[in-house]
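In case you want the letters, here they are:
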Amino acid sequence: MSNSDNTVPTMSAAHFATAFALRPNLVSWFLGAGASAASGIPTGYAMIRDFKAQIFCRENNLSKREIDAADPVWIDRIDTYFRQTSLLPPNGDPTEYAAAFEAVYPQARHRRQYIDDAIMKGTPCFGHKVLGCLTAAGKIDCVFTTNFDPLVEESATAASATLPVADQIRPTVAAIDSADRAMRCLNESNWPLVAKLHGDYQSIAIKNTGSELEKQDTRMRHVLIEAGKRFGMVFVGYSGRDASIMDALNAILDAPSPFPNGLYWVVSSASRLLPAVTDFLTRAEAAGVDAAIVECATFDELAAEIIKTTDLPETLLNRVMEGRPTPRLVPVQVPSTDVRPFPILRYSALLIEKMPQVARRIRLNQATTSTEIREILKEKRCRATVAALGRDVAVFGADQSIISALAPLGASLAGTIPLDPVSDSWAIGLIYDALARALARHRPLIPRYKRSGHSLVVARPREGQDPERARRQKQSLSRLREAYDSNLTGKITKLDLPFQEGIYLKLDHVDGRWWCGFDPYTFVELPKPTPLQGDTVEDAGPFGHDQDPMGGRPERGGDPAGDWRRERWATRYNRNWAGIISAWAQLLTEEGGSTRPAFGLSEGAGVDAVFKVAPVTGWSRPGHHHDYFDRRR
């Protein structure tokens, strides 16, 4: 606790909780709008902002949709407007809330409707639950509130219902239109009591405007004053704006022994107190009251400190603990075992340790395109990978077969052409084609070439296939089949569509090195779509509108196998993915070795595309260096 000359002492929430736990029944509670803020109910300040925004829009012929009342620019603009007019009391004036409320809703029934709508948004916060459990345990006798919401009594009733019937305590709720109940509780010491000084949300009479708040209901004022003579009092979330209530509190100080068990005003900072509250606390201290300012950010934080020091029956304590908010900082057990070694994240990518540096250069008598050359080679059954560069062609394959196939174009050997895949798009395309062919060669895989990206799919078993070859293929795919835990090829029963497991390939250049990325995917063979009206065969392309028969068809309503594919992959989590990635890496590198030629040409027969692919997939590395990374197990 701290103090200085002519100031009210301050204390922490923990110090208050320690003192409160000694005799909690000797202290009554006074809750303002701030106590319900965490429950989702607008505070008085928030309601003032809303009222000002509505008045501003009305006076300036604006729609409320045209402004953002939470934007600091609009807040400043609205405040400037009211400083320049006399529509409302000055900012921070105790009568500001009442004046603004009445200016927006002159009729009492509309004010009740507004309050009713605001209250519907609220649910008990942690502070309400603690207060309710303390009330149900008989440790709090009296609660006053200026709020209309039922959160205090609902929390107390719900907490009491968890106790044996004989131990249940239900609070008496009294509002300004049922003040007789409060008088009876006071006269007969029939506790607990929840007294609503401004009315209940179900009351016909509620106090909101200046004229309504000028004079507190006589009987409710009497109950508040008498309680101040019998109990100490702790104020939570109350600003002190209501002159009628502050007058009643000051009247208590005129009694012979006001607030006999202390006076505590909870606020986030002593500097935020209104002058009326500061004057009241100073006067209370001068009257011999043990007054203090409790600095605590929220009602929930105050409740958390109280529950640490105040005993509750186990049933009620369990209820409180279930409702506590998730802490931002929680204690953790310091690891006592060795941490997982770095690297920690695996990629589905293989390092290409060696790539072809040159391709065969073939000179033609006339310029042509890659597509035209591929058609000629396909017709002549010539296996080659090509990229056309006007009259020059970069090619991988057997020289004599290619020259013979391209003889009509006047083809002749012209040495080699260097490959720079970083700078030349045609070079990366040529290498990309050759890589797909190399990875599929002598493996039970089929390469598929598309402008959108190449892929490899598992080859289906063929009828009449050589038994020994079928056995070898089955053996090659055994690890992959085990990782998938299902067939790698087959037919979707309900759709009658063939499917094949496979991977999409992607070449990436990272930090001066080339990587072959592979993305596992289930390919489904779709029937060729019929051409749209007006299309020609040339328009449609080999699969109809450049559509892949093993992919979706957006213009025909999407992928009919999409749901089936999602279900197939839905239960494959990290461990399954790791197994699938390992199996693909093993199939692409270990089967037949990691050095992979695209054609397997004998020396001098032509220029082959030879790749050396590392058998281990990429892993993550720390983004910076630290001594921690040099630790030893």
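Above this text sits the structure in question.
Residues numbered from 1 in each chain as written. Predicted model: local features only at pLDDT ≥ 70, side-chain atom pairs only at ≥ 80, totals over all residues. Heavy atoms only, no water.

**With respect to the packing of aromatic side chains**
- The tally for this structure, following the rule as stated, stands at 19 aromatic pairs.
- Measuring from centroid to centroid gives 4.9 Å for F30 and Y238, while their planes differ by 50°, and the two rings are tilted. Placement of F30 in strand β2 (residues 27-31) and of Y238 in the loop between β6 (232-236) and α11 (243-252) is noted, with a sequence separation of 208 residues between them.
- Judged by its relative accessible area of 7%, Y238 is buried.
- Ring centres 6.2 Å apart and planes at 65° place the aromatic pair W265 and F280 in the edge-to-face group. Taken together, the residues span a long stretch of sequence, with W265 in strand β7 (residues 263-267) and F280 in helix α12 (residues 275-286) at a distance of 15 residues. (Phe/Tyr/Trp six-rings, centres within 6.5 Å; stacked < 30°, edge-to-face > 60°. Helix = DSSP H or I, 4+ residues; strand = E, 2+ residues; numbered from the N terminus. Buried < 20%, exposed > 50% of the residue type's maximum accessible area, 1.4 Å probe, protein only.)

**Re unusual backbone geometry**
- Of note, the amide linkage connecting W191 to P192 takes the cis form, showing an omega dihedral of 5°.
- Of note, the phi angle at N61 is positive, near 55°, even though the residue is not glycine.
- Here N61 shows up in the loop between α2 (44-59) and α3 (72-83).
- Looking at N61, the relative accessible area reads 71%, which means it is exposed.
- Of note in this structure, R381 is not a glycine but carries a positive phi near 55°.
- Along the chain, the position of R381 falls in the loop between α15 (370-379) and β11 (384-389).

**A word on the pairing of strand β15 (residues 455-458)**
- Side-chain alternation along β15 places S455 and V457 on one buried face and L456 and V458 on a second face that is also buried.
- Summarising the sheet, strand β14 (residues 445-448) and β15 pair through four bridges and their orientation is antiparallel. Note on β15: the bridge partner recorded for L445 is V458.
- Remark: six residues form the turn of the hairpin made by β14 and β15, two consecutive strands paired antiparallel; G453 in that turn has positive phi of roughly 145°. (Pairing = 2+ DSSP bridges.)

**Describing the pattern of salt bridges**
- In this structure the tally under the stated criterion is 19 salt bridges.
- R49 is paired through a salt bridge with D79; the nearest N and O atoms lie 2.8 Å apart. One end of the pair, R49, is in helix α2; the other, D79, is in helix α3, and 30 residues separate them in sequence. One exposure class covers both R49 and D79, and it is buried. (Salt bridge = Lys/Arg side-chain N within 4 Å of Asp/Glu carboxyl O.)

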